Amino acid sequence: MEVENQLARTWDGYVDWRGKPALRSKHGGMRPVFFVLVAEVLENLAYLANASNLVLYLSEYMHFAPSESANSVTNFMGTAFLLALLGGFLSDAFFTTYHVYLTSAIVEFLGLVILTIQAEIGSLKPTKCDPSNQNIPCRKVHGTKAAMLFLGLYLVALGVGGIKGSLPSHGAEQFDEDTPQGRKQRSTFFNYFVFSLACGALVAVTLVVWIEDNKGWQWGFGVATLAVFLSIPVFLAGSSWYRNRIPVGSPLTTICKVLIAASMNTCMPSSTSSKVIVNMTTSPSEDLASEDERAVENEKIMNTADSASKSLKFLDRAAAQNSASGMLKCSVREVEEVKIVLSVLPIFACTIMLNCCLAQLSTFSVQQAATMNTKLGSLKVPPASLPVFPVIFIIILAPIYDHVIIPFARKVTKSEMGITHLQRIGTGLLLSIIAMAVAALVEIKRKRVATDSGLLDSTRPLPISFFWIAFQYLFLGSADLFTLAGLLEFFFTEAPSSMRSLATALSWASLAMGYYLSTMIVSIVNSATGDSRHKPWLSGENLNGYHLERFYWLLCILSVLNIIHYLFWATRYKYRSAGTNK
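Residues numbered from 1 in each chain as written. Predicted model: local features only at pLDDT ≥ 70, side-chain atom pairs only at ≥ 80, totals over all residues. Heavy atoms only, no water.

Digging into the overall build of the protein
Scanning the protein from terminus to terminus reveals 20 helices and 7 strands. For the protein, buried positions account for 58% of its 582 residues. Carbon and sulfur atoms make up 65% of the accessible area of the protein, which totals about 24200 Å². (Helix = DSSP H or I, 4+ residues; strand = E, 2+ residues; numbered from the N terminus. Buried < 20%, exposed > 50% of the residue type's maximum accessible area, 1.4 Å probe, protein only. Areas by Shrake-Rupley, 256 points an atom, 1.4 Å probe, with all protein chains shown as cover.)

Description of the pattern of salt bridges
Within the structure shown, the criterion is met by 4 salt bridges. Its salt-bridge partner being Glu43, residue Lys164 comes within 3.1 Å of it at the nearest N-O pair. Of this pair, Lys164 sits in helix H7 (residues 143–172) while Glu43 sits in helix H2 (residues 30–51), and the two are 121 residues apart along the sequence. With respect to burial, Lys164 and Glu43 carry one shared label: buried. A salt bridge links Glu443 to Arg446; the nearest nitrogen and oxygen atoms lie 2.9 Å apart. (Salt bridge = Lys/Arg side-chain N within 4 Å of Asp/Glu carboxyl O.)

Describing the packing of aromatic side chains
Scanning the entire structure with this criterion turns up 30 aromatic pairs. An aromatic cluster is built from Tyr47, Phe76, Phe81, Phe150, Tyr154, Phe175, Phe189, Phe190, Phe193, Phe492 and Trp508, whose rings are joined through pairwise contacts. Between Arg243 and the ring centre of Tyr14, over which it is positioned, the NZ or CZ distance is 4.0 Å. Stacked on the ring of Tyr14, the Lys or Arg Arg245 has its end atom at 5.6 Å from the ring centre. (Phe/Tyr/Trp six-rings, centres within 6.5 Å; stacked < 30°, edge-to-face > 60°. Lys NZ or Arg CZ within 6 Å of the ring centre and 35° of its normal.)

Some words on helix H13 (residues 332–350)
Taking 1.5 Å as the rise per residue, H13 with 19 residues should run 27 Å; its terminal C-alpha atoms sit 29 Å apart, in good agreement. Here H13 lies mainly inside the structure; 15 of its 19 residues are buried. (Expected span 1.5 Å × (residues − 1).)

Observations regarding the confidence of the model for the protein
Looking at the protein as a whole, the pLDDT averages 79, with 85% of positions reaching at least 70. For residues 270–291, every residue scores under 50 in pLDDT, and the model assigns this stretch 50 contacts once sequence neighbours within four places are set aside. Ignoring residues within four places in sequence, the model shows residues 304–308, a span with pLDDT below 50, making 8 contacts including any to other chains. (pLDDT = per-residue confidence, 0-100. Contact = heavy atoms within 4.5 Å.)

Focus on the packing of helix H5 (residues 84–93) against H7
Two elements in contact, H5 and H7, have axes separated by 6 Å at closest approach and are oriented at 50 degrees. Of the possible angle classes, the one that applies to H5 and H7 is oblique. Relative to H7, H5 is oriented so that their crossing is right-handed. On the side of H5, the interface is formed by Ala84, Leu86, Gly87, Gly88 and Ser91, while H7 contributes Leu158, Gly161, Gly162, Lys164, Gly165 and Ser166. When grouped by side-chain class, the residues that make up the contact of H5 with H7 number 3 nonpolar, 7 polar and 1 charged. (Axes fitted to C-alpha atoms, helices over the stretch in contact; angles between N-to-C directions. Parallel < 35°, antiparallel > 145°, perpendicular 65-115°, else oblique. Left-handed = near helix turned anticlockwise from the far one by under 90°. Nonpolar A, V, L, I, M, F, W, Y, C, P; charged D, E, K, R; others polar.)

Some points on the side chain of Thr504
If you trace the backbone, Thr504 turns up in helix H19 (residues 500–529). Judged by relative accessible area, which is 1%, Thr504 ranks as buried. Leave out the neighbours within four places in its chain, and Thr504 touches Pro168, Ser169, Leu488, Phe491 and Phe492.

Topic: the environment of Pro168
Tracing the backbone shows Pro168 in helix H7. A relative accessible area of 0% places Pro168 in the buried class. Spatially, the C-alpha atom of Pro168 lies 8.9 Å from that of Phe189, the residues being 21 residues apart in sequence. When sequence neighbours within four positions are dropped, the list of residues in contact with Pro168 reads Ile163, Phe189, Phe190, Phe193, Leu488, Thr504 and Trp508.

What about the sheet that holds strand E1 (residues 10–15)?
The sheet built from 3 strands is open, its strands ordered E2-E1-E3 with antiparallel pairing. Of all the strands in the sheet, just strand E2 (21–23) and strand E3 (244–245) have a single pairing partner and so form its edges. Of the pairings in the sheet, the one linking E1 to E2 comprises 2 bridges and is antiparallel in character. When the sheet's bridge partners are listed, Val15 is paired in E2 with Pro21. (Pairing = 2+ DSSP bridges.)

As for the packing of helix H8 (residues 180–214) against helix H16 (residues 388–413)
Here H8 crosses H16 at 165 degrees, and the two axes come no closer than 7 Å. When the axis of H8 is compared with that of H16, the two are roughly antiparallel. Relative to H16, the crossing made by H8 is left-handed. In terms of residue class, the contact of H8 with H16 is built from 16 nonpolar, 5 polar and 3 charged.

Section: a nonpolar patch on the surface
The grouping of Trp210, Leu376, Leu379 and Phe467 at the surface amounts to a nonpolar patch, some 360 Å² of accessible area in total. Relative to the assigned elements, Leu376 resides in strand E5 (residues 375–376). You can call Leu376 partly exposed: its relative accessible area is 44%. (Patch = residues over 30% accessible without salt bridge, like charges linked within 9 Å, V, L, I, M, F, W, Y side chains within 5 Å.)

Section: the side chain of Glu173
Position of Glu173 relative to the elements: it lies in the loop between H7 and H8. Of the buried charged residues, Glu173 lacks a salt bridge, with Arg245 as the closest side chain of opposite charge at 5.6 Å. A polar atom in the side chain of Glu173 sits 3.5 Å from the side chain of Thr97. Ignoring sequence-local partners within four residues, the contact set of Glu173 consists of Tyr14, Thr97, Arg243, Arg245, Phe492 and Ser501. (Lys, Arg positive; Asp, Glu negative; His and termini not counted. Polar contact = N/O pair within 3.5 Å; in protein donor to acceptor, adjacent residues only side chain to side chain.)

Structural notes on the pairing of strand E7 (residues 462–465)
Alternating residues of E7 divide into Leu462 and Ile464, all buried, and Pro463 and Ser465, none buried. Pairing geometry for strand E4 (residues 372–373) and E7, over 2 bridges, is parallel. Within the sheet, the bridge partner assigned to Asn373 lies in E7 and is Ser465.

Observations regarding a positive patch on the surface
On the surface, Arg18, Lys20, Lys26 and Arg31 cluster together to form a positively charged patch. As for its position among the elements, Arg18 is in the loop between E1 and E2. (Charge placed at Lys NZ, Arg CZ, Asp CG, Glu CD.)

Focus on the pairing of E1
The buried fraction of E1 amounts to 5 of the 6 residues, a majority that puts the element mostly inside the structure. The hairpin formed by E1 and E2 contains 5 residues between the paired strands, and Gly19 there has a positive phi angle of roughly 90 degrees. Where E1 and E3 come together, 2 bridges link them in antiparallel fashion. Looking across to E3, one finds that Tyr14 is bridged to Arg245.

Notes on the environment of Ser240
Mapped onto the secondary structure, Ser240 falls in the loop between helix H9 (217–236) and E3. Assessed through its relative accessible area of 34%, Ser240 is described here as partly exposed. When the C-alpha atoms of Ser240 and His27 are compared, they prove to be 7.5 Å apart, with 213 residues separating the residues in sequence. Sequence-distant contacts of Ser240, defined by excluding residues within four places in its chain, comprise Trp17, Lys26 and His27.

Here it is as C-alpha cells:
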C-alpha cells in the first residue's frame, strides 16, 4: 500500500534537478514553463542579433563577396540547427534536457566572448578597405584571424544546436500527456515557444542591430553575450519545479538494431513476417521507468501498428522468431517504434524546401534592402532590421491563434486539436509559395527602378522604399509560425517517448538542411548559368547585376512541386498520439 501511495504521488520516469523522484504536487505544469520561455527569449535574442546582420558584417568588415557572405551565413545557421540533432540525441540517451541546456548555453557564451574580443581589437580583423588609397589592398580575412572568426561562430553554432535540441522538449515534458488538459497546455506551450522566439528576435533585429550599425559590432556582440549569460540564471530559477525525464539509452541503437535485423533476416529463407513475436514484452535493452508507463506507450504504438505495418512490412522480419543473431533479437514494440520514426521522415523531408525559402530572409533579402531607401522619416533603418515585420506579425498572431482560432476550430470540428499538425504545416508550405512569388515581383520592380534611374551600375541607394521587401517577409514569417510550431508539436507527440528529444530536433534539422539546400541551389544556379558569354545569375559585387528574380521564380516552382509531394504523404499519415483524432 505504501509503495502504491508513493507511485501515486510521483511522476513515473521523471526526477527533479537533484535526481530524486519528481512529485506530482510540486513538479511540472505551467509554472516552470515560464522560466523556459524567458530563457528562450534571451537565447534567441543573442543568436538572431548576429545571424540576421552577419551577412553585412562578413561583407563590410571581413571583406567577403556578397555571394560568399550569403553562403557563409547559411552554412553557419545550417550547422547550428543541424547540431540540434546532437542535443536531442544526448538528451534522450545520456543526459537530461536540463543538463544539456546548461552545458550548451555555456558553450554559446564562450563563442560570443571570442567574437566580441575580435570585433573590439582592430589587429584581429583585416585592414579596412579604402577605395581612395590603392596602396592598401582590400583582402578577405585569412590565417589566424579567419580561424578566430570561425572558431567563435561555430562554438556559437554548437551551443545553439544543443539548446534548440533540448529546450523545446524540456518545456513539453512538464505536461501530463495522459489528460486532455495536459495535452492542450502542451499545445499552448509550443505556440508560445514560437512567440518567445519572436520576442527575442524583435529585440535582436531592432535594438541590437541598431547598436551594431551605429555603435560598433563589439557592442552588438557584447549585448548578445550578456543575453546568453543572463539566460542561465533565469533557467536555473525554475529548477525547483522542473520535472526531468530520465534518459533511457540511445534511440539510435534501437533504430540500427531493427534495420540490421530486418536486413539479415530477409536473407534467411525461413524468415517470414508471419513468424513475428506477437507479445509486447520488451527486450533487455529497453529500460522504461515503470509498467504503467510501458502500458501507455504500448497502447499508443499499437494505435498505428496496423497502418505502419502495411507500409513498412519488411521491418516485421526484425522480430522473426528465428532471428539471425541473438544480439539482434527485436521485440514487436521496438519494431513498431522504428516504423513510427520512419513514417514521419517524409513529412520532415517536405519541410526542407520551405526552410530553403526562409534562408533568403537572412541573405539576399537583407542585401536587397541595403540597395534601397531605408529611411523612415528622419530615422535610417538598418537593412538587417527588416525581419521586424514577420516578427511583429508572429507576436500578434500567436496569441490570437491559441486563444481565438484554435478554440473556434475545436467547436467547429468537435475535436481536441481543432486544427491538426499536418494541416498547420501545409498552410505554412502554401504561404511560402506565395512569398517567393511576391519576392520575384518585388525584385523585378526594384531592378526596373534601378534601370529607370540610371543607377544599375551604381552603389547609391535606389529611390524605392525598403517597405516593398516587407511583403515577402510578411508571408515568410507567417509560414514560419504555422510550420515551426506545428512541426515541433508533431514530432514530440508522434515520436516514441524514448526518442522525443531527437525527434523534436528534426524540426531544427529541417531548418539546417534548408539553409544547406539554399547554398547548394545558389552554387548549382551559378554553375549552370555561367559560361564564357554569360555571367552567372548570382555573381558579382553589385546586387543590381544579379538575376535574383529568376532565382526567386525557381524557388517558387520548386515549392509548388514540394507541396504536391507533401500532400501525397500527409493524406496517408495516421496519427498515433492521443487527442489528435478526437
